[in-house]
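Given next are the chains, with one letter for each unit.
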Amino acid sequence: REDGGRGSGRGRGYDGGAEGRSSGPGAGGLDGAALNRKLIEASNSGGLEAVLDIVGSGDPERLNIVHCCTALNRICRLATSPAQRAELQDNPDFRRLLGRLTKVLKGCEAKSASVAAHACASLGISDEDALAAVGAAVHANCESFDRQGVATVLWALAKLPRAARGDA
């Protein structure tokens with residue numbers, strides 16, 4: 001944000017709580033907070049392709065759970081048509097993001113699990129590995145969700161196709 005404040009709530013980005021606080025530099029010399037700001041700025045000024053370009057550039061290991069959730073949250077807001085969401089499924093940068101998400105969801109906090117579940121449902125994700133990782137993260141955090149997290153996860157489960165939920 002321009003005022004330097006930490007984002008929280010709808011429309012202000014994803015903070016990630018303790019998960020998002022990293023001080024070490026990532027690829028390209030950006031620390032965790034700077035990379036998150038870059039993702040938010042790209043979505044605000046450059047749109048969907050700009051976010052995907054950031055995700056696709058550099059070492060994927062630099063993306064932590066907060067970066068992945070921020071990118072997914074922003075992509076959800078930018079990919080508004082069914083055609084855009086369908087095209088994402090085959091986009092190599094988006095596939096890279098989903099691959100990284102499957103790795104960083106292990107041990108995540110409840111907020112990250114709910115953001116990831118919401119994004120998968122909103123974008124119609126069909127990647128089995130990503131959905132399995134989100135399901136495991138939701139299960140691991142089921143006792144930690146606040147009311148908003150419970151509502152978000154329940155909405156996501158209702159929106160996911162039956163096959164993706166595992167009850168087809």
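These lines cover the structure that appears in this document, whether it is placed above or below.

Quick notes on the rules
Residues numbered from 1 in each chain as written. Predicted model: local features only at pLDDT ≥ 70, side-chain atom pairs only at ≥ 80, totals over all residues. Heavy atoms only, no water. Salt bridge = Lys/Arg side-chain N within 4 Å of Asp/Glu carboxyl O. Helix = DSSP H or I, 4+ residues; strand = E, 2+ residues; numbered from the N terminus. Buried < 20%, exposed > 50% of the residue type's maximum accessible area, 1.4 Å probe, protein only. Axes fitted to C-alpha atoms, helices over the stretch in contact; angles between N-to-C directions. Parallel < 35°, antiparallel > 145°, perpendicular 65-115°, else oblique. Left-handed = near helix turned anticlockwise from the far one by under 90°. Contact = heavy atoms within 4.5 Å. Nonpolar A, V, L, I, M, F, W, Y, C, P; charged D, E, K, R; others polar. Disulfide = S-S within 2.5 Å.

One pass over the full model with this rule turns up two salt bridges. A salt bridge links arginine 100 to glutamate 61; the shortest N-O distance between them is 3.3 Å. One end of the pair, arginine 100, is in helix 5 (residues 92–104); the other, glutamate 61, is in the loop between helix 2 (48–56) and helix 3 (65–78), with 39 residues separating them in the sequence. Take arginine 100: its relative accessible area is 11%, and that puts it in the buried class. Of the charged contacts, one joins aspartate 127 and arginine 95 as a salt bridge, the two residues approaching to 2.7 Å between their closest N and O atoms. In this pair, aspartate 127 is assigned in the loop between helix 6 (110–123) and helix 7 (128–140) and arginine 95 in helix 5, connecting sequence segments 32 residues apart.

With that settled, consider the packing of helix 2 against helix 3. Their axes nearest at 9 Å, the elements helix 2 and helix 3 cross at an angle of 155°. The orientation of helix 2 relative to helix 3 falls into the category roughly antiparallel. Helix 3 is crossed by helix 2, and the crossing has left-handed handedness. Here Leu48, Val51, Leu52 and Val55 of helix 2 come into contact with helix 3, specifically with Ala71, Ile75 and Leu78. Split by residue class, the contact of helix 2 with helix 3 holds seven nonpolar, no polar and no charged.

Checked against the element boundaries, cysteine 69 lands in helix 3. Relative accessible area serves as the criterion here: at 0%, cysteine 69 is assigned to the buried category.

Attention shifts here to the packing of helix 2 against helix 5. Contact pair helix 2 / helix 5: the axes reach a minimum separation of 8 Å and the direction vectors enclose 55°. Judged by the angle between their axes, helix 2 and helix 5 are oblique. Between helix 2 and helix 5 lies a crossing whose hand is left-handed. Of the residues in helix 5, those in contact with Leu52, Asp53, Val55 and Gly56 of helix 2 are Asp93, Phe94, Arg96 and Leu97. Residues of the contact of helix 2 with helix 5, tallied by class, amount to four nonpolar, one polar and three charged.

A separate point is the state of the cysteines. A disulfide bridge is the covalent bond that connects two cysteines by way of their sulfur atoms. On inspection of all chains with the given rule, the structure shows zero disulfides. Among the cysteines around cysteine 69, which has no disulfide bond, cysteine 68 carries the closest sulfur, lying 6.9 Å off.

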